[in-house]
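Per-entry structural report
Take a look at the letters that make up each chain.
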Amino acid sequence: MAERDAITDPWGARTPYGPGERWPVRVDGHLADGLTEDDVDRWVPTAAVLHSNGDGMELAVRDGRIVGVRGRADDRVNHGRLDVKDLYGWQAGNSADRLTTPLVRRDGTLRPSTWDEAMTRITDHAKGLLAEQGPSALGFYTSGQLFAEEYYTLAAIAHGGVGTNHLDGNTRLCTATAAAALKTSFGCDGQPASYTDVDHADVIALFGHNMAETQSVLWTRVLDRLAGPNPPALLCVDPRTTEVAKAATVHLAPMPGTNLALMNGLLHEILANDWVDHEFVDRCTVGFADLEAMVADYPPDRVASICGVAEGQLREAAALLGHAERLLCTVLQGFYQSHQASAASVQVNNVVLVRGMLGRPGCGVLQMNGQPTAENTRECGADGDLTGFRNWANDAHVAELADLWNLDVGQIPHYAPPTHLMQLMRYAENGTLRFLWVSATNPAVSLPELSRVRAVLGQDRLFLVVQDAFLTETAALADVVLPAAIWGEKTGTFTNADRTVHLSDKAVDPPGEARADLDIFLDFARRMGFRDKDGAAFPPWQDPESAFEAWKKASAGRPCDYTGLSYELLRARGGVQWPCNEDNPDGTERLYTDGRFFADPDYCESYGRDLITGAPAEPDQYRAENPDGKALIRAAEYLPPHETPGDDFPFALITGRTIYHFHTRTKTGRAPELNDAAPDVWVEMSPSDAAAAGLGEGDLAEVTTPRGAVRARVRIGGIREGVLFLPFHYGYWDTDSGGDKAGRAANELTMTDWDPVSKQPLFKTAAAAVSRVPDEDTRGDVT
Ligand SMILES: Nc1nc2c(c(=O)[nH]1)N[C@H]1C(S)=C(S)[C@@H](COP(=O)(O)OP(=O)(O)OC[C@H]3O[C@@H](n4cnc5c(=O)[nH]c(N)nc54)[C@H](O)[C@@H]3O)O[C@H]1N2
Ligand SMILES: Nc1nc2c(c(=O)[nH]1)N[C@H]1C(S)=C(S)[C@@H](COP(=O)(O)OP(=O)(O)OC[C@H]3O[C@@H](n4cnc5c(=O)[nH]c(N)nc54)[C@H](O)[C@@H]3O)O[C@H]1N2
Ligand SMILES: [Mo]
């Protein structure tokens with residue numbers, strides 16, 4: 001195991017390799033100061049939870065505490081490497097300010113309570129509202145950071161026990177568009193490609209994906225290919241000159257919010273030059289003619305002017321895609337958090353489809369996940385969709401689930417599409433939603449337009465339960481706070497972006513009275529007295545392994561089939577890719593190798609939605625268009641963003657991440673190395689924009705939009721002129737002072753608006769102004 005200063009050297013040393021070769025092993029690790037591997041009592045297997053990469057790792061335990069980590073050399077995902085956040089972030093679990101008892105609000109103040117008092121408050125409220133208003137008064141907002149067992153349990157409780165349609169995950173902010181794009185093109189969620197495709201690809205195209213900072217271990221895999229013989233060419237589409245852009249063969253820096261026009265332009269060139277695999281298109285897809293007709297309107301000169309990119313560069317990018325023999329595409333938030341998110345992401349699938357780049361080594365698309373366990377939120381149905389990628393609009397699928405749960409089919413709500421989070425917030429605002437249970441997410445920092453979010457969550461008439469490990473900005477607004485055990489303190493499974501399932505074993509006890517989320521959900525179900533048709537307690541499972549066994553049954557025969565997995569097998573083998581079943585006992589590296597899809601009308605997860613309006617398609621419509629269950633090529637016209645720069649707000653504001661922090665920093669802000677690497681918010685702007693505003697490096701600037709203001713130090717960097725970038729990590733909880741720092745959360749500035757198909761909010765579109773804060777005005781200083 002090699003230690004390095006991962007703050008200054010986040011990607012570590014190169015281990016070059018050539019196409020088709022095995023990526024060499026490099027084992028990274030870090031132990032608390034002064035300790036060596038000899039001091040470690042035991043190593044407990046798990047995988048990384050501060051991004052979606054799913055890097056296999058082990059926790060070092062000494063005297064009942066976690067004291068370090070190291071990568072697993074034998075894990076298929078990372079071959080031993082670890083991300084900088086994983087090397088240091090585990091320290092947060094040992095932090096002195098963990099929640100150790102439940103808190104209940106008494107006389108306006110959160111005060112410690114017993115579990116019994118806290119749970120009784122919750123169940124009294126829930127029962128009262130059920131009697132008074134029915135199930136739709138209750139909602140659940142969960143995460144992409146729990147375990148599959150926990151999501152499956154929550155989905156069963158919300159849909160089967162309470163009978164509410166109001167269940168969503170923060171995956172809505174994250175990978176709802178990934179799911180929507182996959183459903184649209186392939187009839188079902190599930191990533192076609194595998195990380196091993198990096199080993200074979202000759203062109204890798206990253207669309208709105210800063211892999212260097214957000215999946216840094218996968219990026220080292222790319223860097224190692226780049227350092228080896230016959231390296232792949234890279235295409236980067238990002239308005240900023242990220243590390244990915246610097247390594248790229250072609251970097252397109254489009255104006256934010258113009259992705260769909262850009263994609264239509266690239267497809268225009270691919271079709272005009274006939275870089276099309278007609279045999280594949282004819283055999284495996286429907287809808288090609290619509291695409292042809294649509295992209296005819298997007299010639300390079302028009303697209304160049306919409307997107308603000310050079311025509312020649314656009315052609316070069318198209319030629320890279322067009323000449324690729326093994327093309328791997330990845331998509332992430334630069335596409336997902338925009339106004340035509342699904343429509344644009346679907347065009348990346350279309351590139352792959354028209355080029356016949358599917359099901360072979362080095363080919364395919366990863367509509368990336370962001371959070372470590374987002375895939376599970378979706379497959380278990382904790383994003384509101386039906387468990388097991390079932391189709392809420394297919395009565396047979398609902399009946400199947402009712403059978404599985406031994407419930408009356410009428411008890412599972414399916415009268416309308418599942419309620420998405422932004423709608424849940426609207427119901428809470430209007431007062432029809434009166435009970436909201438938030439687990440493992442911090443909406444008071446991560447949702448758009450925070451002044452509104454605080455007002456909605458802070459209402460007296462809304463009973464708010466928050467289940468977290470820390471007293472977050474959101475927990476501070478709650479009526480009841482439940483202290484949760486976190487990763488390392490509980491057992492469960494989770495699945496990364498390339499469908500690799502890992503088991504995470506409990507390594508240490510949680511602090512104080514903190515409990516595993518699974519135990520809390522099951523305790524709620526028992527206290528509510530949920531029963532199945534035969535009067536047995538529902539859900540019938542009681543611990544992680546029995547929950548996993550139940551989830552396996554729910555997944556049987558579905559695309560995300562887990563039936564071939566067990567805790568024992570996962571302990572022995574490390575990561576395994578689903579589907580894993582009798583037919584695929586070793587798991588499945590890539591989907592659709594036989595040109596067959598999960599898109600059959602009777603099997604598909606979704607009948608699709610109109611890409612412009614989001615209206616769900618009727619079953620008959622889908623059946624008529626796609627009777628044989630082929631892949632679907634769906635075209636869409638470009639529409640301008642809803643808020644564009646103008647006289648008062650001349651900049652396009654985008655937001656995103658730095659390598660050193662994870663989200664709202666509840667963990668990374670409590671790891672000294674990571675906190676010190678990026679202790680406070682900054683605004684990135686181009687040299688010419690900074691000069692024009694009279695701003696120099698490190699000056700204090702105020703960024704404003706119609707919704708609010710943020711103060712941030714200027715970082716002059718490689719970013720498109722006319723664009724500002726803010727990291728969204730900084731809420732008002734401050735690491736160093738432990739106190740309040742208002743006015744620095746990027747989401748003070750973002751707007752309440754979402755993609756019509758995936759309902760994912762637009763974190764990467766807003767019009768903003770920037771000005772210098774006079775030296776004498778130090779209010780809200782953020783040094
Ligand atoms: N270090 C770190 N890693 C993480 C996380 C983290 O918080 N920190 N979070 C994890 C999670 S949950 C997620 S979802 C992923 C997100 O991973 P990414 O999507 O890679 O991260 P972001 O920084 O949100 O956005 C990516 C890029 O989109 C660009 N962009 C902005 N607007 C546009 C646009 O209109 N068009 C295009 N083409 N690009 C645009 C931004 O400049 C940015 O570089 O990261 C995961 N990994
Ligand atoms: N402006 C802007 N906003 C964004 C984004 C952006 O790019 N720009 N990105 C969006 C995206 S992609 C995402 S994913 C979201 C993330 O937004 P959030 O989900 O709000 O961010 P986190 O800080 O990860 O919050 C997770 C919470 O769960 C807690 N937690 C961790 N493990 C456990 C556990 O095992 N059990 C329980 N009960 N709690 C646990 C943590 O302490 C933390 O408080 O932000 C979104 N918001
Ligand atoms: Mo995310």
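Remember, predicted model here, so these are calculated numbers, not experimental data.

**Some remarks on the environment of Gly265**
In this fold, Gly265 is placed in helix α9 (residues 259-272). For the pair Gly265 and Asp753, spaced 488 residues apart in sequence, the C-alpha separation works out to 26 Å. Apart from residues lying up to four places away in sequence, Gly265 is in contact with Tyr298 and Val303.

**A word on the domain arrangement of the chain**
Domain annotation of the chain identifies domain 1 (103-174 + 373-488 + 512-546), domain 2 (178-368 + 598-632) and domain 3 (651-772). The centre of domain 1, based on its C-alpha atoms, is set 30 Å off from the matching centre of domain 3. Between domain 1 and domain 3, the contact holds 22 residues from the first and 25 residues from the second. Of the roughly 2,100 Å² buried at the junction of domain 1 and domain 3 (both faces included), carbon and sulfur atoms supply 59%. For the pair domain 1 and domain 3, the number of links is 1 salt bridge. Secondary structure elements with two or more residues in the side of domain 1 that touches domain 3: α18 (421-430), α19 (443-446) and α20 (450-457).

**Concerning the side chain of Glu58**
Structurally, Glu58 can be placed in strand β3 (residues 56-62). A polar contact of 2.8 Å, which involves the side chain of Glu58, links it to the side chain of Arg70. Contact partners of Glu58, with chain neighbours within four places excluded, come to Trp43, Val44, Pro45, Gly68, Val69, Arg70 and Arg72.

**Thoughts on the nonpolar core**
Ile122, Phe207, Leu235, Val354, Trp437, Leu482 and Phe524 are the most contacted members of the largest nonpolar core, which has 211 residues in total. The element best represented in this core is helix α3 (residues 148-162), accounting for 9 residues. The contacts of Leu482, once residues within four sequence positions are left out, are Pro102, Trp115, Ala118, Met119, Ile122, Trp437, Val465, Val466, Gln467, Asp468 and Ile520. In terms of nonpolar packing, the next biggest core, distinct from the first, is built from 25 residues, Leu103, Leu173, Ala428 and Leu462 among them.

**Re the site of ligand 2**
Close to ligand 2 lie 31 residues, the nearest being Gln145, Asn170, Ser446, Asp468 and Thr664. One nitrogen or oxygen atom from the side chain of Asn170 is found 2.7 Å from an oxygen atom belonging to ligand 2. A distance of 2.7 Å separates an oxygen atom of ligand 2 from a polar atom in the backbone of Asn442. About the coverage of ligand 2: the protein hides 99% of its 920 Å² of free accessible area. Residues belonging to the shell around ligand 2 are distributed by class as follows: 11 nonpolar, 15 polar and 5 charged. For the shell around ligand 2, the domains that each give at least three residues are domain 1 (103-174 + 373-488 + 512-546) and domain 3 (651-772).

**So, the site of ligand 1**
Around ligand 1, a shell composed of 32 residues is seen, among which Thr214, Asp238, Gln333, Arg657 and His661 lie nearest. At 3.3 Å from a nitrogen atom of ligand 1 is found a main-chain nitrogen or oxygen belonging to Ile659. Here an oxygen atom of ligand 1 and a side-chain polar atom of Lys764 are 2.9 Å apart. Considering ligand 1 on its own, with 910 Å² of exposed area, one finds that the protein chains cover 100% of that surface.

**Here's the deal with the packing of aromatic side chains**
This structure, assessed with the given rule, holds 24 aromatic pairs. Aromatic side chains Phe186 and Phe597 sit 5.9 Å apart centroid to centroid with 10° between the ring planes, which places their arrangement in the stacked category. Linking Phe186 in helix α4 (residues 176-186) with Phe597 in the loop between β20 (576-577) and α24 (619-625), this pair joins segments that are 411 residues apart in sequence. The class of Phe186 is buried, set by a relative accessible area of 0%. With 5.9 Å between their ring centres and 55° between their planes, Trp437 and Phe521 make a pair best called tilted. Separated by 84 residues along the polypeptide, Trp437 in strand β15 (residues 435-439) and Phe521 in helix α21 (residues 517-528) bring together distant segments of the chain. As far as burial versus exposure is concerned, Trp437 and Phe521 are alike and both buried. Put simply, the rings of Tyr152, Trp405, Phe538, Trp541, Phe548, Trp551, Tyr562 and Tyr567 pair up and form one aromatic cluster. The ring of Phe470 carries the charged tip of Arg98 above its face, separated from the ring centre by 5.9 Å. Above the ring of Trp682, the side-chain terminus of Arg715 is found at 3.6 Å from the ring centroid.

**Description of the pattern of salt bridges**
If you walk through the whole model with that rule in mind, you get 48 salt bridges. In this structure, Glu702 and Arg711 form a salt bridge, with 3.0 Å as the shortest nitrogen-oxygen distance. Residue Glu702 is classed as partly exposed on the basis of its relative accessible area, which comes to 22%.

**Quick notes on the packing of α18 against α20**
At their nearest, the axes of α18 and α20 sit 9 Å apart, and the two run at 55° to each other. Taken together, the axes of α18 and α20 lie oblique to each other. Two packed elements cross with a definite hand, and for α18 against α20 that hand is left-handed. In this structure, α18 contributes Met425, Arg426, Ala428 and Glu429 to the contact, and α20 contributes Arg452, Val453, Val456 and Leu457. Per-class residue counts for the contact of α18 with α20 are 5 nonpolar, no polar and 3 charged.

Calculation rules
- Residues numbered from 1 in each chain as written.
- Chains lettered and ligands numbered in written order.
- Predicted model: local features only at pLDDT ≥ 70, side-chain atom pairs only at ≥ 80, totals over all residues.
- Heavy atoms only, no water.
- Helix = DSSP H or I, 4+ residues; strand = E, 2+ residues; numbered from the N terminus.
- Contact = heavy atoms within 4.5 Å.
- Domains from an automatic or database assignment.
- Buried area = accessible area lost by both parts, 1.4 Å probe.
- Salt bridge = Lys/Arg side-chain N within 4 Å of Asp/Glu carboxyl O.
- Polar contact = N/O pair within 3.5 Å; in protein donor to acceptor, adjacent residues only side chain to side chain.
- Core = buried A, V, L, I, M, F, W, Y, C linked by side-chain atoms within 4.5 Å.
- Buried < 20%, exposed > 50% of the residue type's maximum accessible area, 1.4 Å probe, protein only.
- Near = heavy atom within 4 Å.
- Areas by Shrake-Rupley, 256 points an atom, 1.4 Å probe, with all protein chains shown as cover.
- Nonpolar A, V, L, I, M, F, W, Y, C, P; charged D, E, K, R; others polar.
- Phe/Tyr/Trp six-rings, centres within 6.5 Å; stacked < 30°, edge-to-face > 60°.
- Lys NZ or Arg CZ within 6 Å of the ring centre and 35° of its normal.
- Axes fitted to C-alpha atoms, helices over the stretch in contact; angles between N-to-C directions.
- Parallel < 35°, antiparallel > 145°, perpendicular 65-115°, else oblique.
- Left-handed = near helix turned anticlockwise from the far one by under 90°.

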